[in-house]
Amino acid sequence: MVHDALPPMSAAPVTDSVLMARHPGDPRHPDEAERPDRPGGLGEPGGRRPHGAGARRAGSSPRSALALLTAGAARSARITHTEHLPARPGRHADWPAAIRPEVIAAVRAAGIDRPWEHQSQTARLALAGESVVVATGTASGKSLAYAVPVLSALLDGSERPGARGATALYLAPTKALAADQRRAVAELAAPLGTAVRPAVYDGDTPPEERDWVRQYANYLLTNPDMLHRGILPGHARWSSFLRSLRYVVVDECHTYRGVFGSHVAHVLRRLRRVAARYGAEPAFLLASATAAEPGHAASRLTGLPVAEITDDASPRGDLVFALWEPPLTELRGERGAPVRRTATAETAELLTDLAANGTRTVAFVRSRRGAELISVLAKERLAEVDSSLPRRVAAYRGGYLPEERRALERALHTGELLGLAATNALELGMDISGLDAVLLAGYPGTRASLWQQAGRAGRRGQGALAVLVARDDPLDTYLVHHPEAIFTKPVETTVLDPDNPYVLAPHLCAAAAELPLTRDDLALFSPEAAELIPQLEQRRLLRRRGGAWYWTSRRRAADLADIRGQGGRPVQVVESGTGRLLGTVDAAAAHTTVHEGAVHLHQGRTYVVRELRLDDPDGAVALVEEASPPWTTMARDTTAVTVLETDTEVPWGEGRLCFGSVEVTNQVVSYLRRKLITGEVLGETRLDLPPRTLRTRAVWWTVTEDQLETADIPQELLGGALHAAEHASIGMLPLFATCDRWDIGGVSVPLHPDTLLPTVFVYDGHPGGAGFAERAFHTAREWLTATREAIAACECENGCPSCIQSPKCGNGNDPLDKQGAVRLLTELLRAAG
C-alpha cells in the first residue's frame, strides 16, 4: 500500500474568494478622480497617492518592475507567460434617499462624493431589511457598501429616547481584519460623535474592557470563534445588545468553506435563534470576493434567502500578471528525479530585488515556515545592499503573539515596511493600500485565492504587478504552462456541508445549552437534525423534558465543536531555557511541525524542538532551543483506508467510480532533513508518535485485470502506476474544488481488501468530510483527464515533483511509474461516463 497522506489529519481551512464580472482579473480604470473606495478599508479619497517610507519610486510601473526582475537571459527565460489586464473606468450612482444625511456628509468628508453602483444597490437592499451579499473584486468598496446602511441605522437608533438603539454585529474570519475594520469605522464615523460606538471583542480584548463593550458598544466587531465560545453561551449578558440587533455583517464570507464554513453556518443559525428569543430578526449583509453563485453560497451559510450583487462598478488600474517557473538545478532528488530551484528561494530573491528598488511588495507564502524563511533570506541579501534595509522586511503569520501582529500591521500601514512575507492571513480585506507588487510563492490552492491575493496590490488605483512563482508541483507546473486555466476559467464554487453529522451534532448540543431545543428548532439547523437527537440522548449529552431537549452535562457544550477543525487546544511553543512563550501551533499540525527534532522558525530566529509533550496536564507543549542547523525538516507518515459505506457507484467500463464513507488511520513515522535552499535530502530520522484515526468521505476508483492487460501494465509495475496516478490526481484536484493539496489525502493499493481490486482513494482530511471528495466525484472525468494531461506533458523522463512525485508521500515516492500512470488513466477514461 502506498499513500499521499495528510500531515495533519485535519488541516486548517484555506481562504478562498471568487470571480469578477468579465473574468477573474477584470481590471478597472486608474482615473485619478476615481480611486477605489477604501480608506482604512472603507474608502479612498480621489487622487491620493501612496505616502511614507517605501512609496514607489518616481517613474516605476508594473512593466518596469517586471523588467527589473527579468533582467538578463537567465531570468527572462523563467517567464512562461505574461498577461496584461487593462484598466477600466468606474460607474457612479447616488446613495438611497433613506440614508441619513449626516452619514453621507461623513462619507464625503472622507473624500467620496458618490458611490459606485454596486455600493448603492447594496445599501438599498439593506435598508429594506433584505439579506444581501455583495460579491465584487478586491478593493471595490464592499466595506463602504455595508457600512453606510449600518451607520445610518445606528444613528437612527441613537435618537430613540429610553432605548439603547439599534446595534450591529460584524464578523471577520481573523482578528487582524476585525481590528483593521474597527479603526476604519471609527475614522469614518468620527463626525457622528458618540452615536456610533465601535468596539472589538475577541480573545485579545482585556478583561477590564469587556464589561464596557457589553454595556455600551453598538457596533461590535468580532469573529465566529468568539461568537461561538463567548457571546452565544453567555447570551443573557448580551440581552440588551441582541434585543436591538438590526444587522449582522459577515465579511470575507467566501473564506467560510469546507468544514470551517459548515461550522460557521451553524454558529449563524444559533445566533438567529438566540436573537429571535429577544425579539430581533437581523438582516445579514455579506461581503465576498467575486464568487460563483454567491447568493446560493450565502444562503447555505446563513439559512436565509440572500440577494446577490455581482456587477462590479468600481475602477481599477491595469495589472501585469506574470507566470514564473524556477529553473532546473543540477541536483537530483528522490529516485534521481531532476529538482527545480525552490519557490521559496526564488521568491526571496525577487522580494529582495523589489524591496531594494523601493517597490512595496507582499509575498504570499503557503506555510508559516515558508514565510519566515523568505523573510530571513531577503534580509540577508538586503544587508549586502544597504544596512538599513533588512529592518524594512518582515514575516507575518498566524501563531504570533497579539502584540507582535499589531506592530507588524502598524508598520505595514505606515509604509515603514517595504517587503512582507505573509501567509494567507493578509489575503483578506485588511487595508494594505499602496502596495506596488504581489509575489505568490506557489499557487494558493484555488483560482479564487489567487485573484484575491493578486488584488492586494494596486489598491489605490495605480497599476500593479503580480507574479506567480511555481513550486515543483504537478498543479503549479500545469498552470504556468496552461495560462488559459488561470485567465479564462471561472473561479470555483464555494463548498460547505452543514448536514455533516460531525459538524451538526456538537452545535445541536451548544444550541440546547443556550436555550432548550424544541422540535420546531430542528428545521433551522438541518433536515438531518431529527435523526441525530436520539443518538445524542443515548450518549447522555441531551435529555428530554416535556417537549424540549436540555443540555445536562457540567461541561461547556461549546467546547464540543472545534470550528476551525484544529483537532484540539493549540500546542504552546516554549523556549526551554527561559520558559518564554514564542507562539502556538494548531493541535492537528503538531505531529508534523513540532515533533522532536523539527526545525521551527519564529520572527526570523531558528529553533530546534527538543521535546514534544502531548500529555502535559497543563496543555501540550513543544520545548525548543535556539539553533542554526543548515537544514529544514519534513515529516513522513503512513496511512491505511477502510471502506465503511459506498453511497454512490457508477461504472466506467469494467472499472468503477465510487463515493462514500471511509476510515483513515494515519501515523507520523519519521522526518527528513533537507538542505535549506536546494531541498536536497540529508537523512531520515524515525519517530515514535501515536496513530490517529479519521472517519471521513472519499472518492475512489477501481480497475480490472482486463483493463490492466489492455493498458499493458504488468503486475510488477502496477503499484507504481497507481501510486503515480494518485499523487498527480491529488495535486490537480484544487483546480476543480475549493481545496488545497493539504486538505486532502490519498492511498493507492494494488489489491484493496474491501474492493478486491486495484484501487486509488482520495479523501477529505476532516471528520465527516468537507465536500471536496464529493466535488471530485462529480467532476471526475474532467479532473482525471487534466491529471493524465499533466503527467504526459511533463518534460521529465521518469517522473519528478512537477508531475508525479509528492512532497508529503509517506513512502518516499517509491514506487512510481510515470508512463504506466498515463496508460492506466487513458484506459480508465476511455470508458468513463
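Residues numbered from 1 in each chain as written. Predicted model: local features only at pLDDT ≥ 70, side-chain atom pairs only at ≥ 80, totals over all residues. Heavy atoms only, no water.

> Honestly, the packing of helix 18 (residues 501-514) against helix 20 (residues 529-538) in this entry has me stumped. Any pointers?
Any two packed helices are characterised by the angle at which their axes cross and by the distance between the axes. The N-to-C vectors of helix 18 and helix 20 enclose an angle of 70°; their axes lie 10 Å apart at closest approach. Between helix 18 and helix 20, the crossing angle belongs to the class labelled roughly perpendicular. Helix 18 and helix 20 meet at a crossing whose hand is right-handed. Touching Pro501, Leu504, Ala505, Leu508 and Cys509 of helix 18 are Ala529, Leu532, Ile533 and Leu536, all from helix 20. Looking at the contact of helix 18 with helix 20 residue by residue, the classes come out as nine nonpolar, no polar and no charged. (Axes fitted to C-alpha atoms, helices over the stretch in contact; angles between N-to-C directions. Helix = DSSP H or I, 4+ residues; strand = E, 2+ residues; numbered from the N terminus. Parallel < 35°, antiparallel > 145°, perpendicular 65-115°, else oblique. Left-handed = near helix turned anticlockwise from the far one by under 90°. Contact = heavy atoms within 4.5 Å. Nonpolar A, V, L, I, M, F, W, Y, C, P; charged D, E, K, R; others polar.)

> Sorry, what's going on with the confidence of the model for the protein here?
Regions with low pLDDT carry predicted coordinates that are not meant to be interpreted in detail. Averaged over all residues, the pLDDT of the protein equals 86, while 89% of them reach at least 70. Contacts for the low-pLDDT stretch residues 3-59, under 50 throughout, to residues beyond four places or in other chains number 260 contacts. (pLDDT = per-residue confidence, 0-100.)

> Quick question: what am I supposed to make of the packing of aromatic side chains here?
Think of a pair of aromatic rings as described by two things: how far the centres are apart, and how the planes are tilted against each other in angle. Scanning all chains against the criterion turns up ten aromatic pairs. The interplanar angle of 80° and the centroid separation of 5.5 Å between the aromatic rings of Phe321 and Phe487 together place this pair among those described as edge-to-face. Of this pair, Phe321 sits in strand 10 (residues 319-324) while Phe487 sits in helix 17 (residues 484-487), placing them 166 residues apart in sequence. Judged by relative accessible area, Phe487 falls into the buried class, the value being 4%. Seen from their ring centres, Trp451 and Phe487 are 5.9 Å apart, and the 70° between their planes marks the pair as edge-to-face. Of the two residues, Trp451 sits in helix 15 (residues 447-454) while Phe487 sits in helix 17, which places them 36 residues apart along the sequence. (Phe/Tyr/Trp six-rings, centres within 6.5 Å; stacked < 30°, edge-to-face > 60°. Buried < 20%, exposed > 50% of the residue type's maximum accessible area, 1.4 Å probe, protein only.)

> Sorry if this is basic, but what is going on with the sheet that holds strand 19 (residues 542-545) here?
Each strand in a sheet pairs with another by means of backbone hydrogen bonds, the pair being arranged parallel or else antiparallel. Ordered by their spatial adjacency, three strands build an open sheet running 18-20-19, and the pairing between neighbours is antiparallel. Sheet topology places strand 18 (517-518) and strand 19 at the edges, where each strand pairs with a single neighbour. With two bridges joining them, strand 18 and strand 20 (residues 548-551) adopt antiparallel strand pairing. Its bridge partner being in strand 20, Leu517 is matched across the sheet by Trp549. The strands touched by helix 20 within the sheet are strand 18, strand 19 and strand 20, with strand 19 carrying the most contacts at an inclination of about 105°. (Pairing = 2+ DSSP bridges.)

> Where do I start with helix 16 (residues 474-481) in this structure?
Of all eight residues making up helix 16, seven are buried, and the element is well covered by its neighbours. For helix 16, every residue scored as buried is listed here: Pro474, Leu475, Asp476, Thr477, Tyr478, Leu479 and Val480. Here the buried face of helix 16 lies against strand 2 (79-85), strand 10, strand 17 (464-469), helix 17, helix 23 (715-732) and helix 25 (780-793). The backbone nitrogen of Leu475 has a side-chain oxygen 2.9 Å away, supplied by the residue at the start of helix 16, namely Asp473. (Polar contact = N/O pair within 3.5 Å; in protein donor to acceptor, adjacent residues only side chain to side chain.)

> Sorry if this is basic, but what is going on with the nonpolar core here?
If you look at soluble globular proteins, the nonpolar side chains tend to sit buried side by side. Core analysis: the largest hydrophobic core is formed by 89 residues, its most contacted members being Phe321, Trp451, Trp701, Leu733 and Trp783. Sort the elements by how many residues they give to this core and helix 23 lands first, with eight residues. The residues contacting Phe321, other than those within four sequence positions of it, are His81, Thr82, Glu83, Leu450, Trp451, Ala454, Ala466, Leu468 and Phe487. Grouped together as the second largest cluster of nonpolar side chains are 41 residues, Val132, Leu188, Ala195 and Ala287 included. (Core = buried A, V, L, I, M, F, W, Y, C linked by side-chain atoms within 4.5 Å.)

> Looking at this model, I keep getting lost on the pairing of strand 27 (residues 655-675). Mind explaining?
Every other side chain in a regular strand lies on the same face of the sheet, so the side chains alternate between the two faces. With 15 of 21 residues buried, strand 27 lies mostly within the body of the structure. Of the pairings in the sheet, the one linking strand 26 (residues 631-652) to strand 27 comprises 20 bridges and is antiparallel in character. Along strand 27, the bridge assignment pairs Thr632 with Arg674. Hairpin geometry of strand 26 and strand 27 is characterised by an intervening segment of two residues between the two adjacent antiparallel strands and by a positive phi of about 65° at Gly653. Note that strand 27 and strand 29 (residues 692-702) share eleven bridges and pair antiparallel. Residue pairing across strands places Val662 opposite Thr696, the latter belonging to strand 29. Here strand 27 runs beside strand 28 (residues 681-686); their pairing, made up of five bridges, is antiparallel. By the bridge assignment, Tyr671 is partnered in strand 28 with Thr685.

> It is not clear to me how a negative patch on the surface should be interpreted in this structure. Could you clarify?
Taken together, Glu654, Glu705, Asp706 and Glu709 make up a surface patch of like negative charges. Along the chain, the position of Glu654 falls in the loop between strand 26 and strand 27. According to the relative accessible area criterion, Glu654 is partly exposed, its value standing at 43%. (Patch = residues over 30% accessible without salt bridge, like charges linked within 9 Å, V, L, I, M, F, W, Y side chains within 5 Å. Areas by Shrake-Rupley, 256 points an atom, 1.4 Å probe, with all protein chains shown as cover. Salt bridge = Lys/Arg side-chain N within 4 Å of Asp/Glu carboxyl O. Lys, Arg positive; Asp, Glu negative; His and termini not counted. Charge placed at Lys NZ, Arg CZ, Asp CG, Glu CD.)

> Can you help me understand the pattern of salt bridges in this one?
Should the charged atoms of two oppositely charged side chains come close, the side chains can pair. Across all of its chains, the model carries 33 salt bridges by this definition. Salt-bridge contacts for Glu349 lead to Arg75; the nearest nitrogen and oxygen are separated by 2.8 Å. Of this pair, Glu349 sits in helix 12 (residues 343-356) while Arg75 sits in helix 2 (residues 73-76); the two residues are 274 residues apart in sequence, bridging distant segments of the chain. For Arg75, a relative accessible area of 12% corresponds to the buried category. Between Glu102 and Arg100 there is a salt bridge, with the nearest N and O atoms lying 2.9 Å from each other. Connected through salt bridges with shared partners, the residues Arg75, Arg78, Arg341, Glu346, Glu349 and Asp353 form a single ionic network.

> Whenever I open this one, the environment of Leu718 confuses me. Can you help?
Within the secondary structure, Leu718 is located in helix 23. Among the residues examined, Leu718 registers a relative accessible area of 0% and is labelled buried. Considering only alpha carbons, one finds Leu718 and Pro750, 32 residues apart in sequence, at a separation of 6.5 Å. If we skip the residues at most four places from it in the chain, Leu718 touches Leu708, Ile713, Pro750 and Pro758.

> Sorry, what's going on with unusual backbone geometry here?
Note: most peptide bonds trans; most residues except glycine with negative phi. Of note in this structure, Glu252 is not a glycine but carries a positive phi near 50°. Tracing the chain through its elements places Glu252 in the loop between strand 7 (245-250) and helix 10 (258-277). The phi dihedral of Arg540 falls on the positive side, at around 60°, and the residue is not glycine. If you trace the backbone, Arg540 turns up in the loop between helix 20 and strand 19.

> What's the story with the sheet that holds strand 5 (residues 198-200) in this structure? I'm lost.
In spatial order, the strands read 5-6-4-7-8-3-9; together these seven strands make up an open sheet with parallel pairing. In this open sheet, the two edge strands, each paired with only one partner strand, are strand 5 and strand 9 (307-309). The average angle at which neighbouring strand axes cross in this sheet is 15°, direction not considered. Judged from the five bridges that link them, strand 4 (residues 167-171) and strand 7 form a sheet pairing that is parallel.

> Explanation requested: the side chain of Arg447 in the structure shown.
Mapped onto the fold, Arg447 is located in helix 15. At 3.5 Å, the side chain of Arg447 forms a polar contact with the backbone oxygen of Ala485. Looking at Arg447, its side chain comes within polar contact range of the main-chain oxygen of Leu735, at 3.4 Å. With residues near it in sequence (within four places) discarded, Arg447 still touches Ala485, Ile486, Lys489, Pro490, Val491, Glu492 and Leu735.

> Got a minute to help me understand the environment of His481 in this structure?
Mapped onto the elements, His481 comes out in helix 16. In the structure, His481 is positioned 313 residues away from Cys794 in sequence and 9.9 Å away in space, judged by C-alpha atoms. A polar side-chain atom of His481 sits 2.9 Å from a polar atom in the side chain of Glu325.

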